[in-house]
Amino acid sequence: MAERENVLRGDPRLEKLRWSRRLSLTSRILFVNVLPLVLLGGGVLYLDSYRKQLLDERFKLALVEAQITAEALAGATPQRQDALLIQIGKEQRLRIRVYGPEGNLESDSFQLAPPSFDLPEPAEVDQTDFALRMDRWFDRVVGAPALPDYREPEADEAAAWPELVRAREESLTQIVLRDAPDGTHVINAAAPVGLEGDTLMITRNPVDITQSVREARTTVALVVLLFLLVSTLLSFFLAQTIVRPLRELVQAAVRVRQGRDRQVEVPRLPDRRDEIGMLARAISDMTGALRHRIDAVESFAADVAHEIKNPLASLRSATESLGKVEDPELRAQLLDIATHDVRRIDRLVTEISDASRIDAEMSRTEFERVDMAELLRHTVVSREERGENEGRAVSISTEGEAHTVEGVGMRLERIIQNLLDNAVSFSPEGGAIDARLVRREGRVILTVCDEGPGIPEEKREKVFHRFHSDRPEGEDFGNHSGLGLAIGRTIAEALEGSLHVEGRSDGGSGACFVLDLPAAR
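Residues numbered from 1 in each chain as written. Predicted model: local features only at pLDDT ≥ 70, side-chain atom pairs only at ≥ 80, totals over all residues. Heavy atoms only, no water.

Trainee: I'd love a proper account of the sheet that holds strand 4 (residues 185-193), names of residues and values included.
Mentor: Within the open sheet, the five strands sit side by side as 2-1-5-4-3. Their pairing is antiparallel. A strand with exactly one partner marks an edge of an open sheet, and here the two such strands are strand 2 (105-108) and strand 3 (174-179). In this sheet, adjacent strand axes meet at a mean angle of 20° when their direction is disregarded. Alignment of strand 1 (residues 95-99) against strand 5 (residues 198-204), held across five bridges, turns out to be antiparallel. (Pairing = 2+ DSSP bridges. Helix = DSSP H or I, 4+ residues; strand = E, 2+ residues; numbered from the N terminus. Axes fitted to C-alpha atoms, helices over the stretch in contact; angles between N-to-C directions.)

Pasting the structure below:
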């Protein structure tokens, strides 16, 4: 088995099969359909990372702004504080509120000057807006945590803002991110002011971050839609490359099944190096093999009918004549003819039965180790005891050791019997038959040579055809069915071996039948 695997590894057809898998339809279809998803996933992850990076930068900026503003306001007069609130709020687009020690609102830059940004009320925002829906969809995809909504309290005091409460308690700057009703972000930074218990809170609405992210998301969405369109078109193209040849194969298979056209050509698609091409060629080869098998069965049936018809006709003539013949000698001759024909029919039926089931039987049988040297000796001795060699001297010679093969002992004996029967038939009386067994390069080779007239080279292949029987002159008609060598070759090929005929290597007259089998490992 290992040797067979090594042979198969070097089979160019299998190498081509492995190469064609690199261009498989599965990989193409997967690539076409997965690519947009990969792009979408990569774009989503990139955008989420991009947004976090921008927000981190604004957090740091808000922290610095809150601390600088708190230091600027510390110790300043109320008039100076109001001026600073207006100036910083206008330049930095911030809303700055200052709360007193009791938490009441003391100053608000939006009350001192026109607001630098405007946040809409929830009722003013269209919740079905495409940008809002896209923001929510992206947030769900990346699993972003839900942010608290930004709402202005009815009573604007420090207690209404958790970040202010913590800043007053911990005397540290606190930052909180919230969502505005229009989907933009709002950053609140609270910090203590001086030592008198005042606190401030700056509010920033970084609309540019949201706009940048939305623009990038729109770009990614357009790219993904474009690739989805291309993917859809390519999928249709691939579907056509799959469906069209499959339809052709189905139509050809239906015509073959219906038997309407004996010469239906199944398309082989030689230019296709993918699974469809492999399927087309496999179906074409299978159809050819089936046709060959059907032709062989039809030919075999015709040959069987022809071979049985002759002895049946002879038997019928003999039995019909028995009732009309009174002469005892003539009746005895007719009975001999009838008996001979019955035996001939029985031999034919046995051989035909063997020939018809040998393929299936060999495919199901479990092989065993068989010593060909021992089997050859046993077969020759048994034939000698039964007188089947008919006075021909059978010599046995072996070269090397371990003439063991994997096979079925009974079937291998059948091959040897058939080869010896053939040699006995064609060898002259008193002639010699040489059976030589050698092991060479992992093969066990049995050669059976006779001293008969030999076989012309142009007829050597015909002797293995079923019912081919070119018998020597003087041999009793009907003693051979013409199936022995055909059965022998079938068995040999089932064992991954071969059976063929050659001329004698010593230049003498006669033929040599060569059985070549793989040695057991």
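Trainee: Can you lay out helix 11 (residues 372-386) for me, pointing to particular residues and giving the numbers?
Mentor: Its 15 residues place the ends of helix 11 21 Å apart at the C-alpha level, agreeing with the 21 Å of an ideal helix rising 1.5 Å per residue. Taken together, the buried positions of helix 11 are occupied by Met372, Ala373, Leu375, Leu376, Thr379, Val380, Ser382 and Arg383. Residue Asp371 occupies the N-cap position of helix 11, its side-chain oxygen lying 3.1 Å from the main-chain nitrogen of Ala373. Looking one or two residues past helix 11, Gly387 carries a phi angle of roughly 75°, positive in sign. (Expected span 1.5 Å × (residues − 1). Buried < 20%, exposed > 50% of the residue type's maximum accessible area, 1.4 Å probe, protein only. Polar contact = N/O pair within 3.5 Å; in protein donor to acceptor, adjacent residues only side chain to side chain.)

Trainee: Give me the lowdown on the confidence of the model for the chain, citing residues and values where you can.
Mentor: Scored by pLDDT, the chain comes out at a mean of 79, with 83% of its residues at no less than 70. Predicted confidence in the chain is weakest over helix 1 (residues 2-9), with a mean pLDDT of 41, and strongest over strand 1, with 93. Note that pLDDT drops below 50 for residues 1-22; the model gives that stretch twelve contacts with residues more than four away or on any other chain. Per-residue pLDDT stays below 50 along residues 474-479; that stretch engages in nine contacts with residues further than four places along the chain or on separate chains. (pLDDT = per-residue confidence, 0-100. Contact = heavy atoms within 4.5 Å.)

Trainee: Go over the side chain of Ser107 with me, naming the residues and quoting the values.
Mentor: As for its placement among the helices and strands, Ser107 is situated in strand 2. On the basis of relative accessible area, Ser107 is assigned to the buried category, the value being 12%. Polar contacts involving the side chain of Ser107 include one to the side chain of Asp82, which spans 3.2 Å. For Ser107, the residues in contact, after removing those within four places along its chain, are Asp82, Leu85, Ile96, Arg97 and Val98.

Trainee: Would you mind going over the sheet that holds strand 9 (residues 432-440) in detail, with residue names and values included?
Mentor: Read from one edge to the other, the open sheet built from five strands follows the order 7-9-10-12-11, with strand pairing classed as mixed. The open sheet is flanked by strand 7 (393-399) and strand 11 (498-503), the only strands paired with a single partner. Strand-to-strand twist across the sheet, computed as the mean angle between neighbouring axes with direction ignored, equals 20°.

Trainee: Account for the nonpolar core, naming residues and giving values.
Mentor: One finds Met372, Leu412, Leu446, Val448, Phe513 and Leu515 to be the most contacted residues of the largest nonpolar core, which totals 36 residues. Secondary structure elements with two or more residues in this core: helix 11, helix 12 (409-426), strand 9, strand 10 (443-449), helix 13 (484-494), strand 11 and strand 12 (511-518). Here this core takes seven residues from helix 12, the largest share from any one element. Residues contacting Leu515, with those up to four places away along its chain left out, are Met372, Ile415, Val444, Ile445, Leu446, Ala492, Ser498 and Leu499. By size, the runner-up hydrophobic cluster in this structure holds 21 residues, among which are Leu85, Ile96, Val98 and Val193. (Core = buried A, V, L, I, M, F, W, Y, C linked by side-chain atoms within 4.5 Å.)

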